[in-house]
Amino acid sequence: MPTPVSAPRIAVIGAGPGGLTCARVLQRHGIPVTVYDREASRAARDQGGTLDLHADNGQVALEAAGLLDAFFAKARPEGQEMRTYEAASGALTGRHVPGPEEMFKPEIDRGVLRDLLLDSLAPGTVRWGHALAAVDGPAEGPRTLRFADGTTAAADLVIGADGAWSRVRRALSGALPAYGGVTFLEAWFDDVETRHPELAALVGQGGAHAADGERTMFRQRIGGGPHPRPT
Ligand SMILES: Cc1cc2nc3c(=O)[nH]c(=O)nc-3n(C[C@H](O)[C@H](O)[C@H](O)COP(=O)(O)OP(=O)(O)OC[C@H]3O[C@@H](n4cnc5c(N)ncnc54)[C@H](O)[C@@H]3O)c2cc1C
């Protein structure tokens, strides 16, 4: 009689679009997985602006996740509108309104995409409040996940989806991101149609930018009404 093989303990570090899609695909194939994220909860921070997901990359992943129809139901193709303003005068110098042939890469709010992925996972898959500090243990496994609060967990396979400053990467490589010389400052305006109609008119349905050669101001409409604030 064959020896029963227990399921490997698979840990995904990071509940961003990469880690959550990976977890969803594994679960669709009946493979157990746990996702660890450093944020305290799914509502702990704004998720940022919109993403355009193209037919030959992001949409392929969502199809594998069985979420492509749900994605199109929530996507905003009109979000591809782009306006260009002259920085000094504020004059509108360009406006691109997407045609029907460009609807292959619709925008979706990051928060909406993340909720879609989170809601598709088995309850309890994501362990919030787990900031990975390091991965150690023998290369042949099992690996030990060391979290910033001093707790640990064991894993037979660790999948790093913890963003640009990945702690998982450090278990494999000494490479670190280098500052590219560009800094982003982010501000949010809620309920723009009623509270900031001049901004709403300036931005349109998609994005608007003005650049003076050194600095760029980029504005982007996020759908779905007032943006939920972290509590
Ligand atoms: C301004 C901007 C615009 C972009 N526009 C587009 C676009 O239009 N279309 C597109 O496809 N892509 C776009 N991208 C790229 C896209 O944002 C990234 O490819 C995508 O977010 C990567 O997803 P991810 O899940 O790998 O990582 P992330 O989105 O970075 O998520 C990482 C997750 O890991 C968690 N984490 C981090 N460190 C730890 C730790 N130590 N322990 C536990 N958890 C941790 C974080 O809390 C987070 O939830 C854009 C990026 C930027 C900056």
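Residues numbered from 1 in each chain as written. Predicted model: local features only at pLDDT ≥ 70, side-chain atom pairs only at ≥ 80, totals over all residues. Heavy atoms only, no water.

Any chance you could explain the nonpolar core here in plain terms?
Grouped burial of nonpolar side chains is what soluble globular proteins tend to show. The biggest cluster of nonpolar side chains holds 23 residues, and the ones touching the most others in it are Leu20, Leu53, Leu62, Phe71, Leu113 and Val126. For this core, the elements supplying multiple residues, two or more each, are β1 (10-13), α1 (17-28), α3 (68-74) and α4 (110-120). Broken down by element, the residue count for this core peaks at four residues, all from α4. Beyond its immediate stretch of four places on either side in the chain, phenylalanine 71 contacts Leu53, Gln59, Leu62, Pro106, Ile108 and Leu116. If you look at the next biggest cluster of nonpolar residues, it comprises 11 residues, including Ala11, Tyr36, Phe147 and Val168. (Core = buried A, V, L, I, M, F, W, Y, C linked by side-chain atoms within 4.5 Å. Buried < 20%, exposed > 50% of the residue type's maximum accessible area, 1.4 Å probe, protein only. Helix = DSSP H or I, 4+ residues; strand = E, 2+ residues; numbered from the N terminus. Contact = heavy atoms within 4.5 Å.)

When you look at the sheet that holds strand β12 (residues 207-211) in this model, what are you seeing that I'm missing?
Two orientations exist for strands paired in a sheet by backbone hydrogen bonds: parallel and antiparallel. Within the open sheet, the four strands sit side by side as β5-β4-β12-β13. Their pairing is mixed. Among the strands making up the open sheet, the edge pair consists of β5 (92-96) and β13 (216-220). The mean inter-strand angle of the sheet, taken between neighbouring strand axes irrespective of direction, is 15°. (Pairing = 2+ DSSP bridges. Axes fitted to C-alpha atoms, helices over the stretch in contact; angles between N-to-C directions.)

Looking at this structure, I do not really get the site of the ligand. What am I missing?
If you check the shell around the ligand, you find 23 residues, and the closest are Gly18, Asp37, Asp52, Arg110 and Leu132. The separation between an oxygen atom of the ligand and a polar side-chain atom of aspartate 37 is 2.7 Å. The contact in question runs from a nitrogen atom of the ligand to an N or O atom on the backbone of leucine 132, over 2.8 Å. Protein chains bury 62% of the 1,000 Å² of accessible surface belonging to the ligand in isolation. Every element with two or more residues in the shell around the ligand is listed here: α1, β3 (50-52) and α4. No other element matches the three residues that α1 contributes to the shell around the ligand. Split into classes, the residues belonging to the shell around the ligand amount to nine nonpolar, six polar and eight charged. (Near = heavy atom within 4 Å. Polar contact = N/O pair within 3.5 Å; in protein donor to acceptor, adjacent residues only side chain to side chain. Areas by Shrake-Rupley, 256 points an atom, 1.4 Å probe, with all protein chains shown as cover. Nonpolar A, V, L, I, M, F, W, Y, C, P; charged D, E, K, R; others polar.)

Sorry, what's going on with the packing of α1 against α4 here?
To characterise two packed helices, one gives the angle between the axes of the helices and the distance between these axes. Where α1 contacts α4, the axes come no closer than 9 Å and their chain directions differ by 30°. The angle between α1 and α4 falls in the class roughly parallel. The handedness of the crossing between α1 and α4 is left-handed. Along its contact with α1, which presents Pro17, Leu20, Thr21 and Arg24, the element α4 presents Leu113, Arg114, Leu117, Leu118 and Ser120. (Parallel < 35°, antiparallel > 145°, perpendicular 65-115°, else oblique. Left-handed = near helix turned anticlockwise from the far one by under 90°.)

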